[in-house]
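Spelled out from the first residue to the last, the chains are:
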Amino acid sequence: MTGVSARSKVRPSAVHYDARERLWAIDLASSTYAFVSPEDGAPPRNLHWGAAAPVDALLRAARSSGDLYRARRVTHADDETPEYGVAGDLHFEEPGLVAEYPDGTRAVQWHVSGHEVVREGDAVLLTVRLADDRHPLVAHLCYRAFDGHDVLERWVELEHTGGEGPVVVRAARSAEWWIPGTGRRTVRYLHGGWGRETQLVENVLAPGKLVLESRRGLTGHHLNPWFTVSATGAVTEESGAVWSGELAWSGSWKIVLESTPAGRLHVVGGWNEFDAPLLLAPGARLGLPVFAGSWSSEGFGGSRRGWHAYQREHVLASEQRSGRSPSFPSRPVRGGRPVGPRPVLYNSWEATEFAVDLDQQLRLAERAARVGAEMFVLDDGWFAGRRDDTAGLGDWTPDPGKFPKGLGPLADGVHSLGMRFGVWMEPEMVNPDSSLYREHPDWVFHFEDRRGSTWRNQLVLNLARPDVADWLFQAVDTVLSDGDVDFVKWDMNRALSETGWPEEVGRNPERAWMEHVEALYRILERLRRAHPEVAFESCASGGGRADLGMLARVEQVWTSDDTDAWDRVAIQEGFAEAYAPVAMMNWVTDSPNPLTGRRLPLSYRFHVAMGGSLGIGADLEAWGEDEIAEASHHVAVYKQIRRTVAVGSHHRLERSSDGGISATQYVAPDRSEVVVIAAWGVRRFAAHPSRIPLVALAPDEHYEDADTGELRSGADLMAIGVDLPGSLDYGSLCARFRRVPGAP
Ligand code: DGJ
């Protein structure tokens, strides 16, 4: 049975090492990853990434490839599959590492200098050490596999072991992946822009390179660090082999997919080296971000479910980690909260924008509570000098005109209504028109004699400076403590530019591209430790900073500023390809939509938003009693199904780009509940199906339709499915089925 079965055939992760053939094999839940050192000490090359393979078979494959290698007596570059290739030798694909030694040598020559395997709770960590033959550089290749998952975390740590001057690292990637097969391949990835994030693209991979990247200092709206590759035409939603990768980095990143002359597909990814050579000083260690890979034999759906489960259990969850990669926290930062449904949230941005005050927010809070919201979030506009987007960023004290007694009275009011209280902040930014900038103009990224480009009238604080990072922690910490705040929407509304750091000229100021992000991660972790009860949402003009690195530090992501429910269908479909729906914050907003002007029924707006974590962003003061009553009903229904949506398995029944209908099925982990959410746009008479069959149920189990009380078997639901309502354009449904144990 697809979907459900992947999680039931759990085999513990394990590492096998065969000293004779110098073979390392990593067992994952239903797959194997293996590599081999072709001669004693020679740098390893990939042997297998795919279906679970017995060690015997791998040894046989290693021997035959070893014979081939020995017969040729030379490295044939186009046949090679280095685990961590370097510039300067006979490999011509994008290398893992481009480095220069102090004597001008621009070629690294590795040998394997050891390896170790450590069990860490429900994960196994393999580290293989590659040391340069003559220079003091070591690469620690790290592989972490979790029991019950087919996701392999990979990263590299570079270490200068001392004895000569700094090594110039011109490019350092986190991992190289080799995807087997030589036939036509299809790649899927996510692209977009502001207001149209995470659009799923599907293309046949042509010879040459496909470069997915951000040079913006943040993850970006344009492309997202996720991809899948599969044999063209061989894969469906529920079956076929899919290789996928996802990067845990929230700064400039790069993933290159390239076919080699031998027809292999090589993928390399990690930090973007654009404008960022790094000096590795004697004794220093450089931890690169995690580049995770996953394999599934259960089609695009299996790949997606694999990412969701991994994120819920090992990224979003409170995990004790000993990994040293900076993209994941090295200690628990979640305060032990398990990943579960998020509170229903109300956010006041679309209702009030910058023109906020205490009484108006209290009125909205009272209405939000009536509808069933559990968290009330005061968005932009609350702090000193913030009349519009031209001023105030950096001055994180409540505006005395709007909140004369600070945020306390609003927090008290919200709490007394039984909701939690959240605020919006954009801590990495400063408006030139602010007290902070007037006092510390040197705190922003800048070159002394260049004009700093503003974007949304703001500049970026250089968090690579320890004094700035420390100030920023204190500023947010004070807001959280003084305001009795339970939630922060952490926004970031511009890319980095003119990334100068004048005080460090001559001392590798380019490292700020990476250090800014690492400092941000540390600040979030520090805040989480200081305020373990506070939840965080990542936002960057909508969904511009959604990636595994942020997911490890926040509860959720603001998916897009486009809240038009029909537009959201495609955005949310794409988001859920890579990221767990529990992390996807969706709001129900007004009709006509303030951005697009489209009118959509309230039920439609709710159904679409219920496919992730539900929020409301409407001007509730303008809603009539009938709308409040209908909204309360939808929120109540959502509260019944949200656990299944948040932690259930996710099956895409129909994709909007295929035929205009989007339909998703969520199955509770214990299969006690099945939810189907569907929505469509303009529909042509007789051109659309009138019902949608379900998948992945046990045929002989029985389910009660929560709306009609009708009892239906799994076989019935999978053969006949749910009826689509007769309405033509912009229809939607939310069907719920509860398993009835022992029913006939
Ligand atoms: C951009 C965000 O995406 C919006 O939701 C809102 O918070 C504004 N910033 C506030 O300035």
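Provided above is the structure to which this section pertains.
A brief look at the structure comes next. Residue numbers restart at each chain and count upward from 1, following the sequence in its written direction. Where totals are concerned, whole chains, interfaces and linings use all residues; where local detail is concerned, this predicted model gives features only for residues with pLDDT of at least 70, and gives and counts side-chain atom pairs only at 80 or more. Hydrogens and waters are ignored; side-chain quantities use all the structure's heavy atoms.

Glancing now at the overall build of the protein. When you go through the protein residue by residue, the secondary structure sums to 15 helices and 38 strands. For a compact globule the rule gives 2.2 Å times the number of residues to the power 0.38, and the radius of gyration it is set against comes from C-alpha atoms. The C-alpha atoms of the protein give a radius of gyration of 26 Å, which matches the 27 Å a tight globule of 744 residues would have. Counting only C-alpha atoms and orienting by the principal axes, one finds that the protein spans roughly 80 × 75 × 45 Å. Here, two residues are considered to be in contact whenever any of their heavy atoms come within 4.5 Å of each other. Contacts in the protein between residues far apart in sequence, at least 24 positions, make up 69% of those at least 6 positions apart. Per the convention used, a helix needs a DSSP run of H or I reaching at least four residues, while a strand needs a run of E reaching at least two, with both numbered from the N terminus.

Before going further, it helps to examine the pattern of salt bridges. Side chains that carry opposite charge are capable of pairing whenever their charged atoms lie near each other. By definition, a salt bridge exists where a carboxyl oxygen of Asp or Glu is found within 4 Å of a side-chain nitrogen of Lys or Arg. Summed over all chains, the structure comprises 50 salt bridges. For Lys 254, the salt bridge identified is with Glu 273, shortest N-O distance 2.9 Å. One end of the pair, Lys 254, is in strand β16 (residues 253-259); the other, Glu 273, is in the loop between β17 (265-271) and β18 (278-280), with 19 residues separating them in the sequence. Classification of Lys 254 by relative accessible area gives buried; the value is 12%. The residue Asp 467 makes a salt bridge to Arg 465 at a minimum N-O spacing of 2.6 Å. Only protein chains enter the area calculation, which uses a 1.4 Å probe; residues under 20% of their type maximum are buried, those over 50% are exposed, and those in between are partly exposed. Residue classification places Arg 465 among the buried residues on the basis of a relative accessible area of 10%. Counted as one network, the salt bridges with shared partners bring together Arg 188, Glu 202, Glu 237, Arg 304, Glu 577, Arg 655 and Asp 658.

Right, let's get into the packing of helix α5 (residues 358-371) against helix α6 (residues 408-416). Between the N-to-C directions of two axes lies an angle of 0 to 180 degrees, each axis being a line fitted to C-alpha atoms and, for a helix, fitted only over the stretch in contact. One way to put it is that α5 packs onto α6 with a least axis distance of 10 Å and a crossing angle of 15°. By the angle class used here, α5 and α6 are roughly parallel. When the axes of α5 and α6 are compared, the crossing they make is right-handed. Facing Leu 358, Gln 361, Leu 362 and Ala 365 of α5, the residues of α6 in contact are Pro 409, Leu 410, Gly 413 and Val 414. Residue classes in the contact of α5 with α6 are distributed as 6 nonpolar, 2 polar and no charged. Note on terminology: angles under 35 degrees are roughly parallel, angles over 145 are roughly antiparallel, angles of 65 to 115 are roughly perpendicular, and the others are oblique. By the definition used in this description, the sense in which the near helix is turned from the far one sets the handedness, with an anticlockwise turn below a right angle giving left-handed and a clockwise turn giving right-handed. Only Asp, Glu, Lys and Arg are considered charged in this grouping, and only Ala, Val, Leu, Ile, Met, Phe, Trp, Tyr, Cys and Pro are considered nonpolar; every other residue, Gly among them, is considered polar.

Turning next to helix α13 (residues 625-647). To estimate how far a helix should extend, the number of its residues minus one is multiplied by 1.5 Å. In this model α13 runs 33 Å from its N-terminal to its C-terminal C-alpha over 23 residues, within 8% of the 33 Å that 1.5 Å per residue would give. The largest bend in α13 is about 55°, located at Ile 641. At any given residue, the bend is defined as the angle formed between two axes, one fitted to the seven residues that end at that position and one fitted to the seven that begin there.

This part is about the side chain of Asp 590. Examined against the element boundaries, Asp 590 turns out to sit in the loop between β29 (584-588) and α12 (602-609). There is a polar contact of 2.8 Å between the side chain of Asp 590 and the side chain of Trp 623. In this structure, Asp 590 is in contact with Arg 605, Ala 618, Asp 619 and Trp 623, ignoring residues within four places of it in sequence. The term polar contact refers here to a pair of N or O atoms within 3.5 Å; inside protein, the definition further demands a hydrogen-donor-capable atom paired with an acceptor-capable atom, and it admits residues adjacent in sequence only when both atoms are side-chain atoms.

This part is about the site of the ligand. One heavy atom suffices: a residue is near a molecule or strand as soon as one of its heavy atoms comes within 4 Å of it. Within the structure, the ligand sits among 13 residues, and Asp 379, Asp 380, Lys 489, Asp 491 and Asp 561 are positioned closest to it. Separating an oxygen atom of the ligand from a side-chain N or O atom of Asp 561 is a distance of 2.5 Å. Throughout, the Shrake-Rupley method with a 1.4 Å probe supplies accessible areas, and for residues the shown protein chains are the sole cover considered. For the ligand, whose unbound accessible area comes to 300 Å², protein coverage reaches 98%. Tallied by class, the residues present in the shell around the ligand amount to 4 nonpolar, 3 polar and 6 charged.

If a strand is regular, its side chains alternate between the two faces of the sheet. Only one face of strand β13 (residues 209-214) is covered, namely the face carrying Leu 210, Leu 212 and Ser 214; the face carrying Lys 209, Val 211 and Glu 213 is uncovered. Across 6 bridges, the pairing between β13 and β16 is antiparallel. Looking at β16, one finds that Leu 210 is bridged to Leu 257. The pairing criterion is simple: DSSP has to find at least two bridges between the two strands.

Moving on, we come to the sheet that holds strand β4 (residues 45-51). What the 4 strands build is an open sheet, ordered β1-β2-β3-β4; its pairing is antiparallel. Strands with a single pairing partner mark the edges of an open sheet, and in this sheet they are β1 (14-18) and β4. Neighbour-to-neighbour, the strand axes of this sheet turn through a mean angle of 15°, independent of strand direction. Pairing between strand β2 (residues 23-27) and strand β3 (residues 31-36): 5 bridges, direction antiparallel.

The next point concerns the nonpolar core. For our purposes a nonpolar core is just a set of buried Ala, Val, Leu, Ile, Met, Phe, Trp, Tyr and Cys residues, chained together by side-chain atoms within 4.5 Å. Of all hydrophobic cores here, the largest spans 147 residues; its most connected members are Tyr 84, Leu 97, Leu 257, Trp 382, Phe 421 and Trp 490. Residue contacts for Tyr 84: discarding those within four places in its chain leaves Gly 96, Leu 97, Trp 110, Leu 130, Ala 139, Leu 141, Val 156, Ala 172, Arg 173, Glu 176 and Leu 288. Grouped together as the second largest cluster of nonpolar side chains are 30 residues, Phe 146, Val 151, Leu 551 and Ala 552 included.

Right, let's talk about the packing of helix α8 (residues 466-483) against helix α9 (residues 512-530) for a bit. Contact geometry for α8 and α9: axes closest at 10 Å, N-to-C directions at 35°. The handedness of the crossing between α8 and α9 is right-handed. Between α8, through Ala 469, Asp 470, Leu 472, Phe 473, Gln 474, Val 476, Asp 477 and Leu 480, and α9, the contact on the second element is made entirely by Ala 519, Ile 523, Arg 526, Leu 527 and Ala 530.

Next up on the list: the sheet that holds strand β38 (residues 732-739). Reading across from one edge, β31-β32-β33-β38-β35-β36 is the order of the 6 strands in this open sheet, with antiparallel pairing throughout. Single-partner strands in this sheet number two, and they are β31 (649-654) and β36 (711-713). Pairs of neighbouring strands in the sheet enclose a mean axial angle of 25°, with direction left out of account. Both strand β35 (residues 702-705) and β38 contribute to a ladder of 3 bridges, which runs antiparallel. Looking across to β38, one finds that Asp 705 is bridged to Phe 737. Running over the sheet, α12 touches β33 (673-680) and β38 and is turned about 55° from β38.

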